[in-house]
Amino acid sequence: SVVFPAYNEEANVANAVKDFKREYVDEVIVVDNNCTDRTAAAAEKAGAKVVKETRQGYGFAVRRGLSEANGGYVVLSEPDGTFSGSDVLKLLAYAEDVDMVLGSRTNRSLIWQGANMGFLLKWANWAVGKMMEVLFNGTCLSDAGCTMRLIKKEALSRILNEFTVGKEMFLPEMTILAMLNNLTYVELPVNYRSRVGESKSTGKGLWIAAWVGFKMCALIIRYRLTRRRKPV
């Protein structure tokens, strides 16, 4: 299953559904997070299953999509053109070995011209990733906010009811919960391309990106102070 959270992504959602709907993909789920354009209609026409999430926020949309997925492997991505459907094969290559495969957008060779990954944003994602890695004694992390990832359905069931974040900080929470629940994971570089349409968070300016980063750090510290890794 492929899950796309969507808020006003009419410009590219059909292309994204077609790009990810390959022979090894059983379903593409687009979560309509109160879109005011024709995102839902375009997604359905392209062959996606569209579900509605009325609670506004990236995290709420992702959580709804993950709960709707039926596949044995669930891939989370974006419908805005930033990620490539061909990279699903990279994630699947490691899917038998670990519970979760994380994408990373910090490899310079795979950052396309026009992608929203400048010097400061790249190294901020790297720093927050390393913060999680150190504080939770995790495996190598170089990107705190990459949406592109795969998780086994069985592993997802172990953390699905523990999600608390409904906004932008969902991705680091998912990674932290995976570590606290002893899920195994590996991180791989993925293609990161120019976005089609308007960014909803980090693309709106340096101060917005910095505020999102600050909230991520606060979330990480809160988890470190209040939660411990479960016994194996």
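The numbers attached to residues start from 1 for each chain and follow its sequence in the written order. Side-chain atom pairs in this predicted model are given and counted only at pLDDT of 80 or more, local residue features only at pLDDT of at least 70, and totals for whole chains, interfaces and linings cover all residues. Where side-chain values are given, they derive from all heavy atoms of the structure, hydrogens and water being excluded.

Asker: Is there a simple way to explain the overall build of the chain in this structure?
Answerer: In this text, helices come from DSSP runs of H or I with a minimum length of four residues, and strands from runs of E with a minimum of two, each type numbered from the N-terminal end. Of regular secondary structure, the chain possesses eight helices and seven strands. Looking at the chain as a whole, 52% of its 232 residues qualify as buried. The Shrake-Rupley method, run with a 1.4 Å probe sphere, supplies the accessible areas, and residue values consider only the shown protein chains as cover. With the model as given, the accessible surface of the chain reaches about 10,600 Å², and the carbon-plus-sulfur share is 55%. We score Asp and Glu as negative and Lys and Arg as positive, and we do not count His or the chain ends. Charge placement uses NZ in Lys and CZ in Arg. For Asp and Glu, CG and CD serve respectively. Measuring between centres, the 31 positive side-chain charges of the chain sit 4 Å from its 25 negative side-chain charges. Partly exposed residues are those whose accessible area sits between 20% and 50% of the maximum for their type, while under 20% is buried and over 50% is exposed, using a 1.4 Å probe and protein chains only.

Asker: What is the right way to read the pattern of salt bridges from this model?
Answerer: Working definition: two side chains of opposite charge can pair if their charged atoms are close together. Whenever a carboxyl oxygen of Asp or Glu lies within 4 Å of a side-chain nitrogen of Lys or Arg, that contact is scored as a salt bridge. Evaluation of the coordinates by the stated rule reveals 15 salt bridges. The shortest N-O distance in the salt bridge between R227 and E162 comes to 2.9 Å. Of this pair, R227 sits in the segment after α8 (206–226) while E162 sits in the loop between α6 (153–159) and α7 (170–180), placing them 65 residues apart in sequence. Taking relative accessible area as the criterion, R227 reaches 24% and is therefore assigned partly exposed. Between K215 and E168 there is a salt bridge, with its nearest N and O atoms 3.5 Å apart. One end of the pair, K215, is in helix α8; the other, E168, is in the loop between α6 and α7, with 47 residues separating them in the sequence.

Asker: What is the right way to read helix α1 (residues 13–20) from this model?
Answerer: Each turn of an α-helix holds 3.6 residues, which means side chains three or four residues apart point in the same direction. Within α1, the full set of buried residues consists of V13, A16, V17 and F20. Angular distribution of buried residues about the axis of α1 spans 100 degrees; they occupy a single face of the element. Note on contacts: a residue pair qualifies if any of its non-hydrogen atoms lie within 4.5 Å across the two residues. Residues of α1 that are buried make contact with β1 (2–6), β2 (28–32), α2 (39–46) and α4 (88–93). Here the arc refers to the set of directions running from the helix axis out to each C-beta atom.

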